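# Coordinate inspection notes
Residues per chain are reported as follows:
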Amino acid sequence: MTDALTSLSQHPLFSVTVTVSAFLLAMWLYRRSQWIMLQPVLVGTLLTIVLLRLCKVDYATYHQQSALLWLLLGPATVALAVPLYHGLPRIRSLLLPTMLTLSVGTVMMLGLTIALARLLGADTALTMSLAPKSVTSPVAILLSAQTGGIASLTATFVMITGVLGAMTGPGLLTYCGVTLPAARGLMLGMSAHAVGTLQALKEDAETGAFAALGMSLTGVLTALLYGLWGTLR
Amino acid sequence: MPVVSGLLGLLGFQLLGTVISNLLLPSLPGPIFGLAFCLGFLCLAGESLTRPLEAAAKTLLSYLPLLMIPPAVGLMDNVDTLQDNLLPISAALLGSLLITVPVCGWLMQRLIRAGKQP
């Protein structure tokens, strides 16, 4: 009996099967509850970890077996060009405010994250894992791995940031008198990527469109900053 | 079939991006170059060429949460790091968010209103 279980958990498709099952269960829970805390990635990840622990599969084995899913992150990054393309007509009239705010915001977010982490004693690997936390996940993971961060930590921080940003963003913006849909949307997408974009879509279409734009442009801008920094170093 | 031919397009842009990244600027990841090429293509090409790309992108992006699970599962090897660094992690995550969002939201609103008043 134990042998049968072992051979099952060592099968190359075992990890993909566990991940897909956990994902579907997490999606179902999220749709039923509509609760922003129950982000499918967060719940799906915890479920996957529990299942792997139960079947005594370690992360090295899981990593190797789930290569199929890892490989799709690249094309998913390229696919972000499509929402960006659809948002282009909207920023044409607000080009200057959008680009200025995005540049200031991206530098500020990166700077504050790195400074706060450093001041409170985080080491380089942890700081570099935290730095791209506001960037959409496929891009954040690339940037983190490239600068000595830990991809799995970054994936977790990106998720937590999305939930925090989507929960606090709308209230914070209202409290500070930010009422224009373009400004609210851009901030939600910039600070909380896809989760913030979903939250913005609940306000109205204009807010949602600017959030999608904020999300993809923040990803590109942060990658450019990293590239510039990497070249100058 | 449009999803599959669109996927081929996305893969092509990514591979092209990787080549360019390796040749010119290794510090900028290949998929980011791929994204830029894909955006350029969408702006220039006709609808019959862009429709498959849009279909593939829509499908792939709707499964983004699934693709994010494998990286995040690595958490099981990093629980100690999280526990030992709770203060810097929560301060960095919350602090940067609570300062940047109101400041830049206000900035954007000011800039839009300034642009509208001649």
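Residues numbered from 1 in each chain as written. Chains lettered and ligands numbered in written order. Predicted model: local features only at pLDDT ≥ 70, side-chain atom pairs only at ≥ 80, totals over all residues.

Chain B appears in an unreviewed UniProt entry as CidA/LrgA family protein from Pokkaliibacter plantistimulans. Its UniProt record gives chain B the following Subcellular location (unreviewed entry) comment, quoted word for word: "Cell membrane". (UniProt positions renumbered as here; feature names shortened; annotations may be inferred.)

Identification of chain A as Membrane protein from Pokkaliibacter plantistimulans is taken from an unreviewed UniProt entry. Per UniProt, the comment on chain A under Subcellular location (unreviewed entry) is "Membrane".

### Notes on unusual backbone geometry
Residue and element names in this part refer to chain A. Here the phi dihedral of Gln34 falls at roughly 55°; this positive angle occurs in a residue that is not glycine. Residue position: Gln34 is located in the loop between helix H2 (14-33) and helix H3 (40-54). A positive phi angle is found at Lys56, which is not glycine, with a value near 55°. Looking at the element boundaries, Lys56 is found in the loop between H3 and helix H4 (59-65). According to the C-beta neighbour criterion, Lys56 is exposed, with 10 such atoms within 10 Å. (Helix = DSSP H or I, 4+ residues; strand = E, 2+ residues; numbered from the N terminus. Buried ≥ 20, exposed ≤ 12 C-beta atoms within 10 Å, placed from the backbone.)

### What about the domain arrangement of chain B?
Assigned domains within chain B: domain 1 (1-73) and domain 2 (78-118). Distance between the C-alpha centres of domain 1 of chain B and domain 2 of chain B: 29 Å. (Domains from an automatic or database assignment.)

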